[in-house]
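# Inside the fold
If you want the building blocks of each chain, they are given just below.
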Amino acid sequence: MFPYIKIIFFLVLCSLLVSCGFKDIDKRSFVVTIGIDKPENKEEGYDISLKIALPSSDPKTQGEEFIIHTETARTVSEAVRLIKAKSGNELDFGHMKMIVFGEKLLQEDITQIMDWFTRRRDIQKIAFVGSGKPTAKAILELKPKGERLPSNKLFLFFGETGTESPYVTTNYLFHFYRNLMDRGIDPYLPIIETKNEEFEITTMSVLKNGKNAIVLDKEETKTFNVLNREYDKVNLKIEQENIYFMLSVDSISAEYTIVETKNIPYIEYDVNIKGIIEESLQQLDNTKIDEYSKMVEDVFTTEIQNLLEKFQEKSVDPMGFGLRYRATHNGTEEAKWKKWQSIYPALQFRVKVQTDIKSTGIIE
Amino acid sequence: MNRYFHYLVILNMLANVVALVPKVLIEHRLNGVVVSIFIGVALSLLFFYVFANSMFKFPGKGEPEIIKAYTPKWFASSYLFIIGIFYFIAAGIILLTFIDITLRFINPDMSSLYTAFLFLSIVCAGALMKTEKTLYALEIILVISLPLILGIFLKSLFNPYLSWDSMKVIVQHSFDSISIESVGAASYSFVGFYYLAIYNRLFTEKVKPIKIRYILLIGIVGTVNIFTSLMIPIGYNGVDGIGDFNYPWFSTADAIRMEFGFIERVLFIFLLLYIGISIISATISSHTGLEIIKSVLPSFKWKNRELMPIIVILLFSMVTILAQYYLPQGKLYEFTKIFFIGLLGVGMFKTFLMIWIVRRAKK
Amino acid sequence: MRRIKSQADTLKQLLEENFKSTEDATFKTLDNGQDQIEMVYINTIVDNAKIHDLFLKPFFEIDKINKYVSYIKSLNDYKEYKNEKEAMKEVLHGAIVLLIEDEALIVGLKLQENSAVQNAMVEATIMGPQTALSENINTNINLIRHRYHVPTLKVEKPMLMGEKSKVELAILYDEQQVKPEVLKKIKNQLEQINEPIIQSSGELHRAIIQNNKRLFPHLMVTERPDRIAYNLSQGKIIIMIEGNPFVLIAPAVFYDFMSAMEDFYQPYWVSKFLISLRYIGLFISLFLPAAYVGITSFNPEVFRVQLAFSIAGSRIPVPYPSYIEVLFMLIMMEMLTEASIRLPKTIGPTATTVGGLILGQAATEAGLVSNIMIIIVAAVAISNFIIPINEMSFSMRVSKYLLLFLTTISGLIGLMIGTIGLIYYLVHLDSVGEPYLKLFFDEKKQQT
């Protein structure tokens, strides 16, 4: 029984009760990227830069235009409020897919600033995070060629739909925040640099207690990505006296276990690599494939060993050894954490790399 | 076994995400939650077995008819009244929580009164339908949303950013102090069988009693379900960080990205699906509650139309809207915990009652 | 003897009173020398060509009047005289009344000019039967009998419809398949109809369903004999009405309106594909306008970023909020659809072209609506016509505005609530005691 009266009554009641949430898409300004810097002459507060896309009605030039508003304030939300006053439209953070922290900002603890990002409902937890060098604003201001949407190039770098490179470290906001909060694993950020009007993302920094602790160079970044994400779209370069070849990796598996012995605890790191030889400067011999494997293993073992020891030296832990320790041991969390902090500096790494070269490519 | 019975059982397993179950479990994540879950599962399976089998012994009859036939009148009326209110509370919790979720995640500018009005109008209309019609609606909504929700669960499992180590930390605390709250929360996923109290009226054919095998299957599915709703949020947000989240599952859904999907952010698909699940869950609960309470209240007719159900359902709406103002999120959460514990008590009582009634019926 | 005689006289008197003033009533007295008989009929509705052969010739050839009477009684369409009222009705339905001595004999000699079988227009199929029903009830029964050769097929003509129109009505059903309670219910409802004039199946449909403020069709209207035969075998009841090439099928549930007869004539997977296409079309036509408003005006973060920017870009010149834009285009589209139904076939295509192409193009250029909106409206219009039964597609056309309204005032939540409300409403409906919407219908072993 649904007579008209009821329906009309219902609809009228709906219209009476409704309060507005209605705001058309063209009355919103979409923030695509946020940049956070340390103000140059002030002790406290942040420089917040928002990159706002300006859609255009012509589909051909759509979204090439953008404006950047910067404000200085003690908190992010204050700065955002100031920027809101400057922009005619409602600021919409729903499409904010990139968060850039200025390099200088990372010299201090950034845990407090993360609060704003996690608390707001409209900020995607799958936004990419990165650190901008020299400043976040410089990254925002860069307009590389062939960019159809503001900041689209960055999205392509980090999103898995575009380039896939072992030098680009992708990190999402939720993942960054989780590593920041959890004891036993340290967060990392890719470093975005500008070079010749283009982006260069090849290095990364690892944070400790919300502060920048260590910056990895290009090759270390690659090794880290291979280990951490089992990233297999990677090439390994082997360069020795009379031999030079590139191994294109098909699949990688990297596993580790923490072994506690009586005297020195160690981590056993097993890496399995399968691949084919992609490029060589010399004639290669198919029968010597085992030899080549050995070379790869040697090179890669040292790379890994050096990287892990570098982490240990600076007592950072982006691989999450501490978390693994917590996951495999009994006791209260506090006690485990204290124990781990005493174990980690003395830990030994035993890296074992096994390589399986399937062929030398389609030629010898 | 009737397929509609399965739907009723599955419904609560899906609805637990909205019913604050993950939040309760996560709060106790370092307090022997694993063992608590297993205790909860075992207890509710026992209740399940006894209650469902005794109901099946009276084909075509609802709990009100059975209770009225075998117990004294004063007991039957007061018992049924309290039980009916329990169903309404279950519906109310789901509604209040989901209203809060919609306001936080979908449209913060909408007034909470209006949202409550929208949800309540649809739930009340649904609860006033005939019993079998609610089942048809349940079937349609489940068939549409179940595959998608399962897809999201699976998608969330195969994400490289999911931290298995964080989840394993929980397992390390399996045998720490067990809390009754998490036992109650774990049992919530299974209580779908209580809907039989009314829906048994439709199952008129004599069915064979439930086999242990079926109970085991339900137990496995339910355990997997509870562990997913506890573990995946921890895997995404970290064992230390997860405690800050009000709605762990919705924050988790926001961390899942579909690179090649029509909609990139899984959160919205998840939210829209869960509007459907919470509405149908609230509908089914309040319908059951309504039918039970109706059986003890006198009928009241005006112009040949039964008015009593409408009065009861309006009362329910009023209470829900008032609760929105007097039970803010924090208090609602405390209240839900008490409700979960109460659920255990009711389950215990009902089990003994049913055993006693079946004995009497045999004589 | 006296009784009949007086009745023949009163009948004659009654007929004369009623029909003398009508030009097309014929009162004829035949005289072959020995006997005199009288013939009364309305010459516009009887088969004039047969009168000579059937009545005049034998009358002058057969010498004995008794023999002639028994000849008349042996005729195919001879009907027994019951009372004057009945006889009057028969005359109005094309019968000839013969008054022979004391007796009144009635012979049906109906001539209908509408018995031509028409091509299926409304529910056309590519393969499968191409003809539909005629407007003649007997021809229609003939068509169906030829498709459904079962002794249990029952034809009942229980009553005449309408106080004034008095059109003939036939109920067809397969006695073996039909559910007796449904049949009883239908007959009951037919008896309760109290309308002066009923001329079409749609009108009858409205009259049968007591709650006539309905949005969705409860009975199916069809013109295809193959569909009728199929539905008979499914235990459904067919209600036919004189002078209408459409019949009613009862009970009808939601899925019936989504199925085309073509589904039976295609390979299995093809027909499954077509059916799913239809449901997708249904969803698009129902949800797309509402979803557009809900997403662009409430939650633009649902879109991919590229799409959000192109919609935002194309909306920049539009001065109105999104829901006015949508309403404006939708109503223009409805106008076009309605106009092309009413227009003569020769002008129809021109109107659609002018309306569709030029209006759409100009509206975007004038900045009244966005480009994306044109795509949405076109998609809605096209996908709406994919629903095979017209009545359902009309209902869905209306429901989409309800969803649009709810979404406009409450965003995506409104869209979801509206959808669930629609499901609840459909589930809540009954068609002659059968649940209207229910999944997995064809399952035989059902408990509930």
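Residues numbered from 1 in each chain as written. Chains lettered and ligands numbered in written order. Predicted model: local features only at pLDDT ≥ 70, side-chain atom pairs only at ≥ 80, totals over all residues. Heavy atoms only, no water.

Broken down by element type, chain B carries 15 helices and two strands. Relative to the compact-globule value of 21 Å for 363 residues, chain B shows a C-alpha radius of gyration of 20 Å, a close match. Dimensions along the principal axes, computed over C-alpha positions, put chain B at roughly 60 × 45 × 35 Å. Burial statistics for chain B: of 363 residues in total, 65% are counted as buried. (Helix = DSSP H or I, 4+ residues; strand = E, 2+ residues; numbered from the N terminus. Rg over C-alpha atoms; globule rule 2.2 N^0.38 Å. Buried < 20%, exposed > 50% of the residue type's maximum accessible area, 1.4 Å probe, protein only.)

Moving on, we get to the overall build of chain C. Looking only at helices and strands, chain C features 16 helices and 13 strands. For 448 residues, the compact-globule estimate of 2.2 N^0.38 gives 22 Å, and the C-alpha radius of gyration of chain C, at 29 Å, exceeds that figure by more than 25%. Overall size of chain C, expressed as C-alpha extent along the three principal axes, is 100 × 55 × 40 Å. Per-residue burial over chain C gives 51% buried out of 448 residues. Partitioning the intrachain contacts of chain C with sequence separation of at least 6 by distance along the chain shows that 65% fall at a separation of at least 24. Accessible surface, chain C as shown: approximately 21200 Å² in total, 58% of it carbon and sulfur. Side chains of chain C carry 43 positive and 48 negative charges; the gap between the two charge centres is 5 Å. (Contact = heavy atoms within 4.5 Å. Areas by Shrake-Rupley, 256 points an atom, 1.4 Å probe, with all protein chains shown as cover. Lys, Arg positive; Asp, Glu negative; His and termini not counted. Charge placed at Lys NZ, Arg CZ, Asp CG, Glu CD.)

What follows concerns the interface of chain B and chain A. At the interface, 42 residues of chain B touch 44 residues of chain A. For the pair chain B and chain A, the summed buried surface comes to about 3500 Å²; carbon and sulfur atoms form 56% of the total. It is Tyr161, Gln172 and Arg257 of chain B in chain B that bury the most area against chain A; as a group they hold 21% of the surface buried on that side. The shortest N-O distance in the salt bridge between arginine 183 of chain A and aspartate 240 of chain B comes to 3.6 Å. Applying the counting criterion to the chain B and chain A interface returns 18 residue pairs in polar contact (both at pLDDT 80 or more). Of the residues that constitute the side of chain B that touches chain A, the class distribution is 18 nonpolar, 12 polar and 12 charged. (Buried area = accessible area lost by both parts, 1.4 Å probe. Salt bridge = Lys/Arg side-chain N within 4 Å of Asp/Glu carboxyl O. Polar contact = N/O pair within 3.5 Å; in protein donor to acceptor, adjacent residues only side chain to side chain. Nonpolar A, V, L, I, M, F, W, Y, C, P; charged D, E, K, R; others polar.)

By the secondary structure assignment, serine 271 of chain C is in helix α11 (residues 268-297). Beyond its immediate chain neighbours, meaning those up to four positions away, serine 271 of chain C contacts Asp263 and Gln266 of chain C.

Residues and elements named next belong to chain C. Here we have five strands laid out as an open sheet, ordered β1-β2-β4-β5-β3, and antiparallel in their pairing. The open sheet has two edge strands with one neighbour each: β1 (25-31) and β3 (78-79). Pairing between strand β4 (residues 95-100) and strand β5 (residues 103-108): six bridges, direction antiparallel. Bridge pairing in β5 links leucine 99 to alanine 104. Contacting β2 (36-42), β3, β4 and β5, helix α3 (residues 65-74) crosses the sheet at an angle of about 35 degrees to β5. Those strands touched by helix α4 (residues 84-92) are β2, β3, β4 and β5, and its axis lies near 130 degrees from that of β4. (Pairing = 2+ DSSP bridges. Axes fitted to C-alpha atoms, helices over the stretch in contact; angles between N-to-C directions.)

Take the packing of aromatic side chains next. Within this structure, the stated rule accounts for 58 aromatic pairs over all chains. A connected cluster of aromatic rings, assembled from ring pairs, spans Phe98, Phe105, Phe119, Phe153, Trp249, Phe250, Phe270 and Tyr274 of chain B. In this arrangement the basic side chain of lysine 97 of chain A is found over the ring face of phenylalanine 155 of chain A, its NZ or CZ atom lying 5.2 Å from the centre. Over the ring of tyrosine 256 of chain A we find arginine 324 of chain A; its NZ or CZ atom is 4.3 Å from the centre of that ring. (Phe/Tyr/Trp six-rings, centres within 6.5 Å; stacked < 30°, edge-to-face > 60°. Lys NZ or Arg CZ within 6 Å of the ring centre and 35° of its normal.)

Now for the confidence of the model for chain B. Mean pLDDT over chain B stands at 88; residues scoring 70 or higher make up 100%. Element-level pLDDT for chain B is lowest in strand β1 (residues 301-302) of chain B, with a mean of 76, against a maximum mean of 91 in helix α13 (residues 266-296) of chain B. (pLDDT = per-residue confidence, 0-100.)

Moving on: the interface of chain C and chain A. Between chain C and chain A, the contact holds 33 residues from the first and 29 residues from the second. Carbon and sulfur atoms make up 69% of the surface buried where chain C meets chain A, a total of about 2700 Å² over both sides. Here chain C is connected to chain A by three salt bridges. Put simply, arginine 315 of chain C and aspartate 24 of chain A hold a salt bridge, and the shortest N to O gap is 3.4 Å. Elements supplying a minimum of two residues to the side of chain C that touches chain A: α11, α12 (305-315), α13 (322-342) and α16 (390-428) of chain C. In terms of residue count, the dominant contributor to the side of chain C that touches chain A is α12 of chain C (nine residues). In the side of chain C that touches chain A, the residues fall into 20 nonpolar, nine polar and four charged.

What follows deals with the UniProt feature "transmembrane region" (unreviewed entry) in chain C. Residues and elements named next belong to chain C. Look at the UniProt record and you will see "transmembrane region" (unreviewed entry) annotated at residues 237-255, 275-295, 368-389 and 401-427. Structurally, residues 275-295 is divided into 100% helix and 0% strand, and its ends, taken at the C-alpha atoms, are 28 Å apart. In the segment residues 368-389, helix accounts for 64% and strand for 0%; the C-alpha atoms at its two ends are 34 Å apart. (UniProt positions renumbered as here; feature names shortened; annotations may be inferred.)

Moving on: helix α9 (residues 180-188) of chain B. Where burial is concerned, most of α9 of chain B is hidden: seven out of the nine residues are buried. Along α9 of chain B, the residues classified as buried are Ser182, Val183, Gly184, Ala185, Ala186, Ser187 and Tyr188 of chain B.

Let us now look at the confidence of the model for chain C. All names here are of chain C. With 95% of its residues at a pLDDT of at least 70, chain C reaches an overall mean of 83. Within chain C, the lowest mean pLDDT, 71, falls on helix α1 (residues 2-19), and the highest, 91, falls on α11. Confidence drops under a pLDDT of 50 for residues 443-448, and excluding neighbours within four residues, the segment shows 17 contacts in the predicted structure.

A separate point is the domain arrangement of chain C. The domain boundaries assigned to chain C delineate domain 1 (2-108), domain 2 (137-252) and domain 3 (263-435). On a C-alpha basis, the centroid separation for the pair domain 1 of chain C and domain 2 of chain C is 33 Å. (Domains from an automatic or database assignment.)

The next thing to look at is the sheet that holds strand β12 (residues 266-280) of chain A. Residues and elements named next belong to chain A. Strand order in the open sheet made by the four strands is β10-β11-β12-β13, with mixed pairing throughout. Two strands close off the open sheet at either side, each with one partner strand: β10 (235-240) and β13 (348-359). Taken pair by pair, the neighbouring strands of this sheet meet at an average axis angle of 35 degrees, ignoring direction. In this sheet, β13 lies alongside β12 in parallel orientation, the contact comprising 11 bridges. Within β13, the position partnered with asparagine 272 by the bridge is glutamine 354. On top of the sheet, helix α9 (residues 321-328) reaches β11 (243-259), β12 and β13; it is set at about 35 degrees to β11, its chief contact.

The next thing to look at is the pattern of salt bridges. Overall, the coordinates contain 55 salt bridges over all chains when judged by the stated rule. Here lysine 23 of chain A ties to glutamate 90 of chain A by a salt bridge, and the two come within 4.0 Å at their closest N and O atoms. Of this pair, lysine 23 of chain A sits in the loop between α1 (4-17) and β1 (28-37) while glutamate 90 of chain A sits in strand β4 (residues 90-92), and the two are 67 residues apart along the sequence. For lysine 23 of chain A, a relative accessible area of 34% gives the class partly exposed. Lysine 154 of chain C is the salt-bridge partner of glutamate 175 of chain C, the closest N and O atoms lying 3.5 Å from each other. One end of the pair, glutamate 175 of chain C, is in the loop between β8 (167-174) and α6 (180-191); the other, lysine 154 of chain C, is in strand β6 (residues 153-156), and 21 residues separate them in sequence. A relative accessible area of 28% places lysine 154 of chain C in the partly exposed class. One network of salt bridges, with partners in common, ties together Arg183, Arg326, Glu333, Glu334 and Lys336 of chain A together with Asp240 of chain B.

Here we take up a positive patch on the surface. Residues and elements named next belong to chain B. Together, Lys57, Lys206, Arg359, Arg360, Lys362 and Lys363 give the surface a local cluster of positive charge. Relative to the helices and strands, lysine 57 resides in the loop between α3 (33-56) and α4 (63-70). Given the relative accessible area of 43%, lysine 57 is considered partly exposed. (Patch = residues over 30% accessible without salt bridge, like charges linked within 9 Å, V, L, I, M, F, W, Y side chains within 5 Å.)

All names here are of chain A. The sheet contact formed by β11 and β12 spans 14 bridges and is antiparallel. The residue of β12 that forms the bridge with valine 259 is tyrosine 266. Counting the residues in the hairpin turn of β11 and β12 gives six residues.

Once that is clear, we can look at the environment of proline 59 of chain B. Residue and element names in this part refer to chain B. Checked against the element boundaries, proline 59 lands in the loop between α3 and α4. With relative accessibility at 29%, the residue proline 59 sits in the partly exposed group. Sequence separation of proline 59 and histidine 6 is 53 residues, and the distance between their C-alpha atoms is 17 Å.

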